[in-house]
Amino acid sequence: NICFFVLIFSILAHSRGESTYRNVTRFLLFVGHARTGHTLVGSIIDSHPNAIVANEADVLGRVLKKPEAMVCGNGYTDCDQTDLDKIRSFVTSVIVSNSKQNRNSGRFQTGYDYTIRVNKSEIVLVLGDKKGGMTTSLLLKNNGSLFDERVSVLQRAFGVPVVFFHVLRNPFDMIATQAFRNQFGHKVHFDSFKNVSFDRITKAVKQFVAGEEAIAEMKKGKYEVIDFFYEDLLDHTQKELERYAEVLNLPFSKLWRTEVEKLVYPTSHATRDLMAWPRDVYEVLKAFCEHVPLLSRYKSVYVQSANIQETK
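Residues numbered from 1 in each chain as written. Predicted model: local features only at pLDDT ≥ 70, side-chain atom pairs only at ≥ 80, totals over all residues. Heavy atoms only, no water.

Visitor: Please clarify how the pairing of strand 2 (residues 51–55) should be interpreted in this entry.
Guide: Each regular strand carries side chains that alternate between the two faces of the sheet. Burial of strand 2 is extensive: five of the five residues sit out of reach of the surface. Side chains Ala51, Val53 and Asn55 project from strand 2 onto one buried face, and the interleaved Ile52 and Ala54 project onto a second face that is buried too. In this structure, strand 2 lies alongside strand 5 (residues 126–130), joined through five bridges in parallel fashion. Considered in strand 5, the bridge of Asn55 is made with Lys130. (Buried < 20%, exposed > 50% of the residue type's maximum accessible area, 1.4 Å probe, protein only. Helix = DSSP H or I, 4+ residues; strand = E, 2+ residues; numbered from the N terminus. Pairing = 2+ DSSP bridges.)

Next up, the structure:
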């Protein structure tokens, strides 16, 4: 009977698919800010043979709000094991589908192609999602209560630690590019940097400071937050890949390293010097970098004085 064999094949395929993700030992999320290199790092981890990382599926902010994930009745506090299994299965399917779609169509974002071609293993050790800016926004809402609740249900559903990658780059470059993109989008020539409004710059600096302060508080609590620097990835690619693999309990692959090195550019854009900065806001950011030990490497990398303008 053909129908019988189709049914048996479907059951076996489902069982095999479920078992593929039973070896997961880490769930990876990103926390931080846009324009820091999260997309590149997320693509690098996703290209590892034993990892699957979605590109902006927004697991914490969007996926866990879908009806398929809201199966516990009263938020996530009353979840039994059956509910948690459903949540794990749904979140996994979203991540796998997103990653596969991005690999097949090309992992394009903000005009760049982040696609890295490496054959996948059937053994998946890491699942995750790259959506650092939105994760940080959720962290800042309601004193982080919703953030805590959703991270907790992921930990319970998958039964593994949730690890946060916090990727940083020169804050002056990051804020300059962020303010520019927020005002003009992704298809405007760099010449328009000189027209970025002071309000956009001020807002970007405030968001950065608030986000970094919240992330610093995360580190004092129960969360595993690992700091990485975009510049280190460019200057010491193999060393950083070894760190990624060690933190995520992934085997290091020379083929993986070779393919990643084809994508990593040796230099980054110093966009901070393409834009006029209001002096008062510039001084706030400068003082913050000098005060926070994590940002001390940037305290001597500032903006050309000709680009700093007095405000009325």
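What follows continues from the structure just given.
Visitor: Explain the state of the cysteines to me, please; I cannot follow it from the model alone.
Guide: The bond known as a disulfide is covalent and runs between the sulfur atoms of two cysteines. One pass over the structure, following the stated rule, counts one disulfide. Covalent S-S linkage joins Cys72 and Cys79, the inter-sulfur distance amounting to 1.8 Å. Because the sign of the S-S torsion sets the handedness, a value of about 90 degrees for the bond joining Cys72 and Cys79 places this disulfide among the right-handed ones. Neither Cys72 nor Cys79 differs from the other in exposure class; each is buried. (Disulfide = S-S within 2.5 Å.)

Visitor: What am I meant to see in the pattern of salt bridges here?
Guide: Pairing is possible between side chains of opposite charge, provided their charged atoms come close. Inspection of the entire model under this criterion finds 13 salt bridges. With a closest N to O distance of 3.2 Å, Asp232 and Arg297 form a salt bridge. Note that Asp232 is positioned in helix 8 (residues 230–235) and Arg297 in the loop between helix 11 (279–291) and strand 9 (308–309), a separation of 65 residues in sequence. Judged by its relative accessible area of 37%, Arg297 falls in the partly exposed class. (Salt bridge = Lys/Arg side-chain N within 4 Å of Asp/Glu carboxyl O.)

Visitor: In this structure, what is going on with the packing of aromatic side chains? I would like to understand it.
Guide: Two numbers describe a pair of aromatic rings. These are the distance of the centres and the angle of the planes. Per the counting criterion, the structure on display carries 16 aromatic pairs. Considering the side-chain rings of Phe164 and Tyr223, the 5.7 Å spacing of their centres and the 85 degrees angle between planes classify their relative orientation as edge-to-face. Note that Phe164 is positioned in strand 6 (residues 162–168) and Tyr223 in the loop between helix 7 (198–220) and strand 7 (224–229), a separation of 59 residues in sequence. Note on Phe164: relative accessible area 0%, which makes it buried. (Phe/Tyr/Trp six-rings, centres within 6.5 Å; stacked < 30°, edge-to-face > 60°.)

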